[in-house]
Amino acid sequence: MPPIPRTSLPDGTVVPALGLGTAMMGEQRQRAGVEVAALAQGLDLGMTLIDTAEMYGDGRAEEIVGQAIAGRRREVFLVSKVYPHNAGRRSAIAACERSLKRLGTDRLDLYLLHWRGSIPLAETVAAFEQLRRDGKIVRWGVSNFDAGDLAALCALPEGRHCATNQVLYHLGERGIEWALLPWMRARRMPLMAYSPLAQGALLQRKALAAVAARVGATAAQVALAWLLRQRDVVVIPKAADPAHVAANRAACDVTLDAAALAALDAAFPPPAGPTALAML
Ligand SMILES: NC(=O)c1ccc[n+]([C@@H]2O[C@H](COP(=O)([O-])OP(=O)(O)OC[C@H]3O[C@@H](n4cnc5c(N)ncnc54)[C@H](OP(=O)(O)O)[C@@H]3O)[C@@H](O)[C@H]2O)c1
């Protein structure tokens, strides 16, 4: 099995470019065992970056993650997110401590502001820096920030410590290629692509199925391989079905040649001009 591609964060830390999403996990008590097993399977397959948030399942997704990483915390690069309304100087610290408790750990590898809210960015950055000094988080970043928001953040004295921006990015949603992705690339800031399968909606597209048939892969694998070929993009599909977890890992085996890439560009064109950031 070919290795999972790796991406470097601005501080030089190397993470797997294919990780595990957790949205919707923890929402149904009877699914908990399946979800814990799916995450553990993903870790066994080397997808050791886990993305979660205090929002998911109202904290219960973090509890599912806590069960999946129990006894193997050191293998994992753990990402969680704070609600904008909890991102104040003191409230972010309290929210982080609640997340750590649910996750059963004493530190997050990466803590993200889930989206920009009304609390001044400087206040959130001050809280993140405090958490970093206290060893509760190793680094921080943001999510759902368009280029203007990111520029405002990076202009703050400690804004340069922002490690990443997690945004909606998949074949059917390529607007970030116009300005945001080049802006981040120019600053060597990797991007995290969420909903890489458009929550499953992409898999219904005939053009994707046609390319998949040509390259001998599934539609989901082509959608993931298309993102993974960009070495500064971390891709975090969510899968609770064990067959999906295995298939997603095998997306690293899929090579898209020039003809496949051209067919994908024709069916899912890149932006022709400035496009506002899409978000879920
Ligand atoms: N920062 C943000 O605002 C934000 C927003 C949305 C998402 N996210 C993060 O990004 C992660 C991924 O996004 P997402 O959960 O919205 O959607 P997604 O990963 O695009 O799609 C998940 C759906 O695809 C299915 N699936 C997964 N692998 C498959 C495969 N190989 N073949 C067929 N179907 C497959 C899953 O089914 P099963 O579960 O049944 O396997 C699930 O229904 C989230 O879980 C979350 O961690 C962040």
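Residues numbered from 1 in each chain as written. Predicted model: local features only at pLDDT ≥ 70, side-chain atom pairs only at ≥ 80, totals over all residues. Heavy atoms only, no water.

### Regarding the layout of surface pockets
Thinking step 1. Empty space within the largest pocket amounts to approximately 850 Å³.
Thinking step 2. In this structure, the largest pocket is lined by 36 residues; those nearest its centre are A23, M24, S195, Q199 and K238.
Thinking step 3. When residues in the lining of the largest pocket are grouped by element, the largest group, 3 residues, is from helix 9 (residues 242-250).
Thinking step 4. Along the lines of polarity and charge, the residues of the lining of the largest pocket split into 18 nonpolar, 12 polar and 6 charged.
Thinking step 5. Every residue along the wall of the second largest pocket is listed here: P3, P5, A225, L228, R229, R231, A251, C252, V254, T255 and L256.
Thinking step 6. Looking at the lining of the second largest pocket, its residues break down into 8 nonpolar, 1 polar and 2 charged. (1 Å grid on protein atoms, 1.4 Å probe; cavity = no way out; pocket = protein on both sides within 12 Å on 5 of 7 lines; lining within 4 Å. Points joined across faces, edges and corners; volume = space filled by probe spheres on them. Helix = DSSP H or I, 4+ residues; strand = E, 2+ residues; numbered from the N terminus. Nonpolar A, V, L, I, M, F, W, Y, C, P; charged D, E, K, R; others polar.)

### With respect to the packing of aromatic side chains
Thinking step 1. Counting across every chain of the model gives 4 aromatic pairs.
Thinking step 2. Three or more aromatic residues joined by ring pairs make a cluster, and in this case those are Y111, F128 and W140.
Thinking step 3. The ring of W183 carries the charged tip of R187 above its face, separated from the ring centre by 3.6 Å. (Phe/Tyr/Trp six-rings, centres within 6.5 Å; stacked < 30°, edge-to-face > 60°. Lys NZ or Arg CZ within 6 Å of the ring centre and 35° of its normal.)

### Brief notes about the site of the ligand
Thinking step 1. Residues in close proximity to the ligand total 29 residues, the closest being A23, D51, K238, H244 and N248.
Thinking step 2. For the ligand, an oxygen atom lies 2.9 Å from a polar atom in the backbone of A240.
Thinking step 3. In the model, an oxygen atom of the ligand is placed 2.6 Å from a nitrogen or oxygen of the H244 side chain.
Thinking step 4. More than half of the atoms of the ligand fall within 2 Å of the grid points belonging to the largest pocket.
Thinking step 5. With 3 residues, the top contributor of residues to the shell around the ligand is helix 9.
Thinking step 6. Considering only residue class, the shell around the ligand consists of 14 nonpolar, 11 polar and 4 charged. (Near = heavy atom within 4 Å. Polar contact = N/O pair within 3.5 Å; in protein donor to acceptor, adjacent residues only side chain to side chain. Sits in = over half its atoms within 2 Å of the grid points.)

### Looking at the state of the cysteines
Thinking step 1. Counting across every chain of the model gives 0 disulfides.
Thinking step 2. Unpaired in terms of disulfides, C154 finds its nearest cysteine sulfur in C162, a separation of 5.5 Å.
Thinking step 3. The exposure class assigned to C154 is partly exposed, which follows from its relative accessible area of 24%. (Disulfide = S-S within 2.5 Å. Buried < 20%, exposed > 50% of the residue type's maximum accessible area, 1.4 Å probe, protein only.)

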